[in-house]
Amino acid sequence: MSNRTFTMIKPDAVRNGHIGNILQMINAAGFKIIALKYTQLSTPQAEKFYEVHSERGFFGELTQFMSSGPIVAAILEKENAVADFRTLIGATDPAKADEGTIRKAYATSIGENAVHGSDSDENAAIEGNFFFSGLERF
Ligand code: ATP
Ligand code: MG
């Protein structure tokens, strides 16, 4: 069981003014913030971050969107962090997301879906290392 995951508040949710509300939902669900950063990905950085999806039809749309404005990146800690955070954010497609999830509340479409959550312990570590040095974790 993992105790850390990685998240981003995506450009749509930042543009729509939802940073505070999403961080509130994350804290209320029992996640502790280990690292936090407000930054913007270049398109090549977004392509690197999402390289596992490079063969998918939506890769260009995804990487353009993810580099279209600032994001909030964070490492989160909680027992069973990866799975519990995926439950908190809800389904990729907000039309299928459960009531009470972040995507149900704040996502607008399958592409612009408000938040990212790591899908495994291994990817949580890789993604956290992509954004944060050891000196930026508390
Ligand atoms: P994330 O990795 O962002 O937490 P996820 O694990 O629920 O989301 P993935 O299958 O990893 O979903 O897809 C990564 C991201 O690519 C999605 O969050 C979404 O922004 C985008 N995406 C996925 N499927 C589509 C699609 N059919 N059309 C457009 N964008 C898509
Ligand atoms: Mg994913």
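Summary of the structure given here. (Residues numbered from 1 in each chain as written. Chains lettered and ligands numbered in written order. Predicted model: local features only at pLDDT ≥ 70, side-chain atom pairs only at ≥ 80, totals over all residues. Heavy atoms only, no water.)

## Quick word on the overall build of the chain
- Helix and strand counts for the chain come out as seven helices and four strands.
- Going from the N terminus to the C terminus, the chain shows its helices and strands as β-α-α-β-α-α-β-α-α-β-α.
- The C-alpha radius of gyration of the chain comes to 14 Å, within 12% of the 14 Å expected for a compact globule of 138 residues.
- Its C-alpha atoms give the chain principal-axis dimensions of roughly 35 × 35 × 25 Å.
- Here the chain, with 138 residues, has 43% of them falling under the buried criterion.
- In the form shown here, the chain has an accessible surface area of approximately 7,100 Å², with 50% of it arising from carbon and sulfur atoms.
- Positive and negative side-chain charges of the chain, numbering 13 and 17 respectively, have mean locations separated by a distance of 3 Å. (Helix = DSSP H or I, 4+ residues; strand = E, 2+ residues; numbered from the N terminus. Rg over C-alpha atoms; globule rule 2.2 N^0.38 Å. Buried < 20%, exposed > 50% of the residue type's maximum accessible area, 1.4 Å probe, protein only. Areas by Shrake-Rupley, 256 points an atom, 1.4 Å probe, with all protein chains shown as cover. Lys, Arg positive; Asp, Glu negative; His and termini not counted. Charge placed at Lys NZ, Arg CZ, Asp CG, Glu CD.)

## Here's the deal with the nonpolar core
- Counting residues in hydrophobic clusters, the biggest one holds 19 residues, and the most contacted among them are Ile9, Ile22, Ile26, Phe31, Phe85 and Ile102.
- Broken down by element, this core gets its largest block of residues, four residues, from helix α5 (residues 81–89).
- When neighbours within four sequence positions are excluded, phenylalanine 31 is seen to be in contact with Ile26, Leu76, Glu77, Lys78, Ala81, Asp84, Phe85 and Leu88.
- If you look at the next biggest cluster of nonpolar residues, it comprises 17 residues, including Ile34, Phe49, Phe65 and Met66. (Core = buried A, V, L, I, M, F, W, Y, C linked by side-chain atoms within 4.5 Å. Contact = heavy atoms within 4.5 Å.)

## So, the side chain of asparagine 113
- As for its position among the elements, asparagine 113 is in the loop between α6 (102–106) and β4 (115–117).
- Polar side-chain contacts of asparagine 113 include one of 3.2 Å to the backbone oxygen of threonine 92.
- In contact with asparagine 113, other than residues within four places in its own chain, are Lys10, Asp12, Thr92, Arg103 and Ala107. (Polar contact = N/O pair within 3.5 Å; in protein donor to acceptor, adjacent residues only side chain to side chain.)

Read these as spatial facts, not as claims about activity.
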